[in-house]
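# Summary of the model geometry
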Amino acid sequence: MTQNINTIHTPCYVVQEEKLIENLKVLSYVQKKSGAHVLLAQKAFSMYKEYPLIGRYLSGTTASGLYEARLGREEMPGREVHVYSPAYRKEDMEEIFFTCDHVIFNTPNQWKQYKALAQTVRAKKEKQGESLSCGIRVNPGYSEIETDLYNPCISGSRLGTPTGQFLEAWESGDLEGIEGIHFHTLCEQGADVLERTLEVVKRDYTPVLKQLKWLNMGGGHHITRKDYDVERLIRLINQLREACSEASPLTIYLEPGEAVALQAGILVTSVLDIMENGKKLAILDTSAACHMPDVLEMPYRPEILGAGMPGEKPYEYTFGGPTCLAGDVIGTYSFDRELQIGDRLVFCDMAIYSLVKNNTFNGMPLPDIAIERNGTIECIKQFGYDDFKGRLS
């Protein structure tokens, strides 16, 4: 941090713009060398104040429903907007079709339900010089994700049409009008996993891909992680396009969410109290349950700047939040000195899946949101009682 964190009102998310730009440059390089279109997956990072910046590097956004689609269209105008949902609501569909460039359906049944409307809207958009392309999400049945909660290929998964069902629908003509397919089978993984996944995809889908316009390879690509093999990714994309392009080149899409803002944000918190109950416990003004839910859902232990593992340094504390949830525990950390009430701590890599998933359980105030640029931290959003009350009735 280039500014004294003691001047920040806590808790506060701080997005570090220089690190965000570093990530965007890597993703832009992938686009340039592979010809792929890289989209921001808003489900991981939706800080729309940075959308004009992101839009200078990436091809657009991808959404999980109408509201995210509208946000992408409004805050990153002139760029692509894609959407996928396991099922769409009838009352949303016309607006979704008019808002988005690509609409991806989960099943042939959903396509059958909305095909006529899609064709009507597409004709209207084409008269205005706009486009609409529809696709189907498939489940290739192959994933190396170890955590079942995040594995879209787990037995009984609702995400994507299984290969056999898709091919049957394709051969029967039920998917007439579909121009692309989408798969998402990665989670925080490298190009080596993608390569093994693509062997399955090419084996089962190459004849279909040769008749389609595009393939969306979803998210979970940790492209901006330091050990990620970017050149391997570029090679895989180019090889895939060469193998599957026939009448016209196959357009490839990637939807990284984490990779856009990986290691580009922090969460600054304060120590509210220190107590003992068999071990030293520190209560923070930050809650795992409310402000960083993935700590409990994944679960994982977030890094704290300057802290060590349990037993590594002389002073050890287990951190918990101020809610009534007994399990609102962040983790155990060790320090070179004793902590004091009022001390500030910095949780690392908190731009992703935090701002988009936080909540006001127990009436917890939401953290402020700030941007650090050119050595200065600017608070751009503060939340209060009205934000808590406004989502209730």
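Above this text is the structure in question.
Description of the structure in this document. (Residues numbered from 1 in each chain as written. Predicted model: local features only at pLDDT ≥ 70, side-chain atom pairs only at ≥ 80, totals over all residues. Heavy atoms only, no water.)

### Describing the side chain of T99
The following threshold applies: The way it works is that DSSP assigns letters per residue, a run of H or I at least four long becomes a helix, a run of E at least two long becomes a strand, and they are numbered from the N terminus. Here the term buried applies to any residue with accessible area under 20% of the maximum for its type, exposed to any over 50%, and partly exposed to those in between, with areas from a 1.4 Å probe on protein chains only. Within 3.5 Å is the distance limit for a polar contact, defined as a pair of N or O atoms, with the added protein rule that one can donate a hydrogen and the other accept it, and that residues adjacent in sequence qualify only through two side-chain atoms. By the convention used here, residues are in contact when the closest approach between their heavy atoms is within 4.5 Å.
Mapped onto the fold, T99 is located in helix α4 (residues 93-99). On the basis of relative accessible area, T99 is assigned to the buried category, the value being 10%. One polar contact links the side chain of T99 to the main-chain carbonyl oxygen of E95, over a distance of 2.7 Å. If sequence neighbours within four positions are ignored, T99 has contacts with A69, R70, R73 and V81.

### Comments concerning the packing of aromatic side chains
Heads up, the condition is: Each Phe, Tyr or Trp ring (for Trp, its six-membered ring) is paired with any other whose centre lies within 6.5 Å, and the angle between the two planes then decides the class: stacked below 30 degrees, edge-to-face above 60, tilted in between.
Taken as a whole and assessed by the stated rule, the structure comprises 11 aromatic pairs. A centroid spacing of 5.8 Å and a plane angle of 55° characterise the contact between F166 and Y205, whose relative ring orientation is tilted. Separated by 39 residues along the polypeptide, F166 in helix α6 (residues 163-172) and Y205 in helix α7 (residues 191-209) bring together distant segments of the chain. With 5.4 Å between their ring centres and 35° between their planes, F319 and Y333 make a pair best called tilted. Separated by 14 residues along the polypeptide, F319 in strand β13 (residues 315-320) and Y333 in strand β14 (residues 329-335) bring together distant segments of the chain. Judged by relative accessible area, F319 falls into the buried class, the value being 1%. Members of the aromatic cluster, joined through ring pairs, are Y88, F97, F105, W111 and Y114.

### Describing the packing of helix α1 (residues 17-34) against helix α8 (residues 230-244)
Stated formally: Orientation is described by axes fitted as lines to C-alpha atoms, over the contacting stretch for helices, and by angles from 0 to 180 degrees between their N-to-C directions. The handedness criterion is simple: a crossing whose near helix is rotated anticlockwise from the far helix by less than a right angle is left-handed, and one whose near helix is rotated clockwise is right-handed. Under the convention adopted here, Pro, Cys and the residues Ala, Val, Leu, Ile, Met, Phe, Trp and Tyr are nonpolar, Asp, Glu, Lys and Arg are charged, and Gly plus all remaining residues are polar.
Packing of α1 against α8 leaves a shortest axis separation of 9 Å and a crossing angle of 35°. Seen from above, α1 lies across α8 with right-handed handedness. Where α1 abuts α8, its residues V26, Y29, V30, K33 and S34 lie against V230, E231, L233, I234, I237, N238 and R241. In the contact of α1 with α8, the residues fall into 7 nonpolar, 2 polar and 3 charged.

### Side note on unusual backbone geometry
Trans is the prevailing form of peptide bonds, just as negative phi is the prevailing case for residues other than glycine. Geometrically, the link from T10 to P11 is a cis peptide bond, its omega value of -5° lying close to zero. Of note, the amide linkage connecting M298 to P299 takes the cis form, showing an omega dihedral of -20°. You can see P299 is positioned in the loop between α11 (294-297) and β13. Although it is not a glycine, D349 sits at a positive phi angle of roughly 55°. We classify D349 as buried; its relative accessible area is 16%. Phi angles above zero are rare outside glycine, and Y353 is one such case at about 50°. Note that Y353 resides in the loop between β15 (344-348) and β16 (368-373).

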